[in-house]
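# Overview (structure and organization)
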Amino acid sequence: MKKFFDILKNEFKTFINDHGVILIMVVGVVVYSLFYAVPYANEVVKEAPIAVVDLDQTSFSREFVRNLDATDYVKVVEKLPSLKEAQKKYYEGEISGFAIIPKDFQKDIYRGKQVDLSLYVDSAYLIIYKAIYTGVMQTTLETGARVEIGRLVKMGVPKKTALALKQPFQFVQIPLYNPAGGYETYVYPVILMMILHQTLIVALGMLQGTRNEKKIRYCKNDKEIPITLFARTTFYVLLYFLYGAFIFLICPALCRYPMCYNVLPLFVLYGLMLYAAAFFVQVISYGFRIREASLMVMVVTSLVFIFLPGIIWPKEAIPQIVNVISMFIPVTPAIDGITKVNVQGATFYQVLPDFLCLLFLCVLYFVLAIFVTKKLHKEYEK
């Protein structure tokens, strides 16, 4: 036990004296964690600026425009006389889209004819596209329902019956685990885990790259490699547990995203992810023969690591072979398990497959790390 604590103490000195590692593990973690919360602070896009080209110029079309502007999704900033003028404003970046109300809009509506309302919006920007499309669609459906109910009432149908005929059932939407329906609540907790995973791998890769470059042995005797490897890894796991306490216990209140605070299974999964990631980088750092190699490798692979857990693109749409490979990256099962526990309120039994996967990765990469370290020691002696 004394040797274990002596190794922890020596690793602390190594950490303190390496300003590059401190920059990544301390400054990088804090800055990235705060930076990623800022762009998504508003959660959802509201009042996207649009224009309306009203070719009808009737009381009904003007009421439609007022109702459209009253929605939370869009804001009618301009009423333009022609399609050409609307296109000009769109390409100048003054509006995000525009709707065209056709001529004879009111007349055709009252005659019971179907009217084509045109909407022009850039679908390449999906979040804004969704906001504008939702606002226009909601206004269109409400207007159509009001007209139809009014027609039934004029035919002598009681208003209550007309409402029931037009809307036979009421749609109630209850967003689970994301009350605001926002992007921050969805992506921010997952991005935080990615930040911790990536910074740990980069920093430990830099440390091992330095040892490889200077041919510094991990320990004097190869028999001490397992305890030395475990003790040194434990130092960084303890450091990242401080970050985990802040991110999982304090951040939800500051950033207003829901958490269930199932502390025990949460930190069991989190701890296994940290150990697995630390042993994983010890294995791949066999190829880091200079200090900067870790940075270069992670610059190339960081985008891949973001895609693999299914954050940006759903796992169901990713080829199965890629999903299998991704399970060997510690952050992938960790994200699955921690999200289920801390956001969806899952029990430990319900995340048992993720726990077993992380435990398997810990054992696998620990054994491989011992083998790689012994091989490096032999190369140092040559």
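Residues numbered from 1 in each chain as written. Predicted model: local features only at pLDDT ≥ 70, side-chain atom pairs only at ≥ 80, totals over all residues. Heavy atoms only, no water.

### Comments concerning the packing of aromatic side chains
Any two aromatic rings considered together are summarised by their centre-to-centre distance and by the angle between their planes. Following the criterion strictly, the structure yields 22 aromatic pairs and no others. Each ring, one from Phe64 and one from Phe105, has its centre 5.8 Å from the other, and the planes form 70 degrees; the classification is edge-to-face. Of this pair, Phe64 sits in helix 3 (residues 59-70) while Phe105 sits in helix 5 (residues 105-111); the two residues are 41 residues apart in sequence, bridging distant segments of the chain. Looking at Phe64, the relative accessible area reads 4%, which means it is buried. Taking the centre distance of 4.9 Å and the plane angle of 50 degrees together, the rings of Phe279 and Phe366 count as tilted. Taken as a pair, Phe279 in helix 10 (residues 263-284) and Phe366 in helix 14 (residues 352-380) lie far apart in primary sequence, 87 residues in all. One aromatic cluster is present, built from ring pairs that chain together Phe4, Phe5, Phe230, Tyr275, Phe279 and Phe366. (Phe/Tyr/Trp six-rings, centres within 6.5 Å; stacked < 30°, edge-to-face > 60°. Helix = DSSP H or I, 4+ residues; strand = E, 2+ residues; numbered from the N terminus. Buried < 20%, exposed > 50% of the residue type's maximum accessible area, 1.4 Å probe, protein only.)

### Comments concerning the sheet that holds strand 2 (residues 74-80)
Read from one edge to the other, the open sheet built from 4 strands follows the order 2-1-3-4, with strand pairing classed as mixed. A strand with exactly one partner marks an edge of an open sheet, and here the two such strands are strand 2 and strand 4 (118-121). Sheet twist, expressed as the mean angle between neighbouring strand axes with direction ignored, is 25 degrees. Examined bridge by bridge, strand 1 (residues 48-54) and strand 2 share 6 bridges and lie parallel to one another. Within the sheet, the bridge partner assigned to Ala48 lies in strand 2 and is Val74. Taken strand by strand, helix 4 (residues 83-91) contacts strand 1, strand 2 and strand 3 (97-101), and its axis lies near 170 degrees from that of strand 3. Packed on one face of the sheet, helix 6 (residues 126-154) meets strand 1, strand 2, strand 3 and strand 4 and runs near 165 degrees to strand 4. (Pairing = 2+ DSSP bridges. Axes fitted to C-alpha atoms, helices over the stretch in contact; angles between N-to-C directions. Contact = heavy atoms within 4.5 Å.)

### Focus: the nonpolar core
Residues Met25, Leu200, Leu204, Tyr236, Tyr240, Tyr270 and Ile338 are the most contacted members of the largest nonpolar core, which totals 75 residues. Those elements that provide at least two residues to this core are helix 1 (2-17), helix 2 (19-37), helix 8 (183-214), helix 9 (225-255), helix 10, helix 11 (293-307), helix 13 (331-342) and helix 14. Element by element, the count of residues in this core is highest for helix 8, at 16 residues. Discounting residues that sit within four places of it in the chain, Ile338 has contacts with Met193, Phe248, Leu266, Leu269, Tyr270 and Val343. With 17 residues, the next largest nonpolar core counts Leu68, Val76, Ile128 and Val147 among its residues. (Core = buried A, V, L, I, M, F, W, Y, C linked by side-chain atoms within 4.5 Å.)

On their own, these measurements won't tell you what the molecule is for.
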